Amino acid sequence: MTYELLQQYWWFLISLLGGLLVFLLFVQGGNSQLFSIGRSEEERRLLVNSTGRKWEFTFTTLVTFGGAFFASFPLFYSTSFGGAYWLWMLILLSFVLQAVSYEFQNKLGNLLGTRTFQWFLVANGIVGPLLLGGAVATFFNGSNFVVEKDNLVSGASPVISHWANASHGLDALLDPWNLVLAFAVLFLARVLGPLYFINNVADEAIRSRSRRHVAANAVPFLVLFVAFLAHTLVKDGYAADPDTGAISMQPMKYLDNLVDMWYVAAALLAGVALVLYGILRTAMVGTYVRGIWPAGIGVVLTVCALLLTAGWNDTAYYPSNADLQSSLTIANSCSSEFTLRTMAYVSIFIPFVLAYIFYAWHSIDKKKIDKKEIAHDEAY
């Protein structure tokens, strides 16, 4: 594998992790509707224990996503995680709050009360997807940072990149198109959450309410997602010259990427079709309970295709609105060839890890959660 192919390979792995992370946000989406789907304390406990079986998957994938970026594209890690730290710190804080809420809501000596911790889960269910969606939108709309690699050899100021304003990432939420994708991700999570409850909770009242919530959240999600996708495809994009690395604005760059990379476009269309199939069949067929799977696979394909569109085909995946030439591409922000090659060998074990995750998931879900289990078995 050449150095260029290794760069492409690792951007694909990053994109795949991003797709898996967005799918696993069904935990947050379900928790955000904890009090509207669960009408009684017993029903809410059913829902909490349903998502409680999977919240570690989401948290671990988020950490792995950041770790993979650090190892393969360290300049992005130092620029975004180091510069936009208020945005990332709020995301991490909301996920830490989630972990604490699961573990302590029913512990002896809980001074805050169970309901307080359940509202913390609701807060994470709203804030987590919203901020993650806003962060991902900056891959298409840019952020305010400056990269000065010459500083690396400067004893006075060895910091390579810095944020161009004092907001340190919160300015991403001032761009209306970033907010469009942010709310699209939030409503997507709120679709996936009820789809998961329908499949995982053996309670007809919860399943009935969940179907209504799938339909109610699908409409704003589809409107917002289509608006963001259409805007992205027709707007100017950030093109990188393959010979010089110079960044320039190119009309309809992302549409050109999909035309040039037909296989990515095919994955995008297949993903959207699967998401629609999962939503529509669940909403229209009262006995169908497996909508989370076609919708989940569709989400992974769609998000992965969008991230590939943002980074492949000589495109700046992390544009700078403060200094165009500071924009990051997979070529100018990646690790050394030795590092990428060594990690590529390690990545051979990824299918085995995925197989174990599938086995663990299947074992956990072998029996659907019900009120009897909550009453007699160990539960949150």
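So, here is what we can say about the structure in this document. The shown structure was predicted, so the numbers you read here are calculated from the model rather than taken from an experiment.

Criteria and cut-off values
Residues numbered from 1 in each chain as written. Predicted model: local features only at pLDDT ≥ 70, side-chain atom pairs only at ≥ 80, totals over all residues. Heavy atoms only, no water. Helix = DSSP H or I, 4+ residues; strand = E, 2+ residues; numbered from the N terminus. Buried < 20%, exposed > 50% of the residue type's maximum accessible area, 1.4 Å probe, protein only. Expected span 1.5 Å × (residues − 1). Bend = angle between axes of the 7 residues up to and from the residue. Polar contact = N/O pair within 3.5 Å; in protein donor to acceptor, adjacent residues only side chain to side chain. Disulfide = S-S within 2.5 Å. Axes fitted to C-alpha atoms, helices over the stretch in contact; angles between N-to-C directions. Parallel < 35°, antiparallel > 145°, perpendicular 65-115°, else oblique. Left-handed = near helix turned anticlockwise from the far one by under 90°. Contact = heavy atoms within 4.5 Å. Nonpolar A, V, L, I, M, F, W, Y, C, P; charged D, E, K, R; others polar. Patch = residues over 30% accessible without salt bridge, like charges linked within 9 Å, V, L, I, M, F, W, Y side chains within 5 Å. Areas by Shrake-Rupley, 256 points an atom, 1.4 Å probe, with all protein chains shown as cover. Salt bridge = Lys/Arg side-chain N within 4 Å of Asp/Glu carboxyl O. Lys, Arg positive; Asp, Glu negative; His and termini not counted. Charge placed at Lys NZ, Arg CZ, Asp CG, Glu CD. Pairing = 2+ DSSP bridges.

1. Thoughts on the environment of Tyr 345
Next, step 1: For Tyr 345, the position within the fold is in helix H14 (residues 337-346).
Next, step 2: Residue classification places Tyr 345 among the exposed positions, given a relative accessible area of 52%.
Next, step 3: Spatially, the C-alpha atoms of Tyr 345 and Leu 233 are 35 Å apart, while their sequence positions differ by 112 residues.

2. Considerations on helix H10 (residues 204-234)
Next, step 1: Between the first and last C-alpha of H10 there are 45 Å, a value that for 31 residues agrees with the 45 Å anticipated at 1.5 Å per step.
Next, step 2: Of all the bends in H10, the largest measures some 25° and sits at Ala 218, one to four residues before the proline Pro 220.
Next, step 3: Regarding H10, its N-cap is Asp 203, as a side-chain oxygen of that residue lies 3.2 Å from the backbone nitrogen of Ala 205 further along.

3. Overview of the state of the cysteines
By definition, a disulfide links two cysteine residues through a covalent bond between their sulfur atoms.
Next, step 1: Per the counting criterion, the structure on display carries zero disulfides.
Next, step 2: Not part of a disulfide, Cys 304 finds its nearest cysteine sulfur in Cys 334, a span of 19 Å.
Next, step 3: Take Cys 334: its relative accessible area is 14%, and that puts it in the buried class.

4. Comments concerning the packing of helix H12 (residues 262-284) against helix H13 (residues 292-311)
Next, step 1: For the pair H12 and H13, the least separation of the axes is 7 Å and the interaxial angle reads 150°. Judged by the angle between their axes, H12 and H13 are roughly antiparallel. By crossing handedness, the relation of H12 to H13 is classed as left-handed. For the pair formed by H12 and H13, the contact residues are Val 264, Ala 267, Leu 268, Ala 270, Gly 271, Val 272, Leu 274, Val 275, Tyr 277 and Gly 278 on the first element and Pro 294, Ala 295, Ile 297, Gly 298, Val 299, Leu 301, Thr 302, Ala 305, Leu 306, Leu 308 and Thr 309 on the second.
Next, step 2: Residues of the contact of H12 with H13, tallied by class, amount to 16 nonpolar, five polar and no charged.

5. Structural notes on the side chain of Ser 94
Next, step 1: Mapped onto the fold, Ser 94 is located in helix H7 (residues 85-104).
Next, step 2: A residue is classified by how much of its surface remains accessible, and Ser 94, at 8% relative accessible area, is buried.
Next, step 3: With residues up to four places along the chain from it excluded, the contact list for Ser 94 reads Asn 124, Val 127 and Gly 128.

6. A look at a negative patch on the surface
Next, step 1: On the surface, Glu 4, Asp 241, Asp 243 and Asp 314 cluster together to form a negatively charged patch.
Next, step 2: Looking at the secondary structure, you find Asp 243 in the loop between strand E3 (237-240) and strand E4 (247-250).

7. With respect to a nonpolar patch on the surface
Next, step 1: Together, Tyr 85, Trp 86, Met 89, Leu 90, Leu 92, Leu 93 and Leu 170 line one region of the surface with nonpolar side chains, adding up to about 640 Å² of accessible area.
Next, step 2: Secondary-structure assignment places Leu 90 in helix H7.

8. A word on the pattern of salt bridges
Next, step 1: Under the counting rule described, the total for this entry stands at six salt bridges.
Next, step 2: Between Asp 365 and Arg 53 there is a salt bridge, with the nearest N and O atoms lying 3.8 Å from each other. Residue Asp 365 is found in the loop between helix H15 (350-364) and helix H16 (371-376), and its partner Arg 53 is found in the loop between helix H4 (41-52) and helix H5 (55-72); the two are separated by 312 residues along the sequence. In terms of burial, Asp 365 and Arg 53 fall into one category: buried.
Next, step 3: One salt bridge connects Arg 341 with Glu 337, and the closest N-O pair in it is separated by 2.8 Å. Linking Arg 341 with Glu 337, this pair stays in helix H14, spanning four residues, or about one helical turn.

9. A word on the pairing of E3
Next, step 1: Burial along E3 is two-sided: Gly 237 and Ala 239 and Tyr 238 and Ala 240, pointing in opposite directions, are all buried.
Next, step 2: Between E3 and E4, which pair antiparallel in sequence order, lie six residues; one of them, Gly 245, sits at a positive phi of approximately 80°.

10. What to know about the packing of H4 against helix H8 (residues 114-141)
Next, step 1: Their axes nearest at 12 Å, the elements H4 and H8 cross at an angle of 45°. By the criterion of interaxial angle, the relationship of H4 to H8 is oblique. The crossing of H4 and H8 is left-handed. For the pair formed by H4 and H8, the contact residues are Glu 41, Arg 44 and Val 48 on the first element and Thr 114, Arg 115, Gln 118 and Leu 121 on the second.
Next, step 2: Looking at the contact of H4 with H8 residue by residue, the class counts come to two nonpolar, two polar and three charged.

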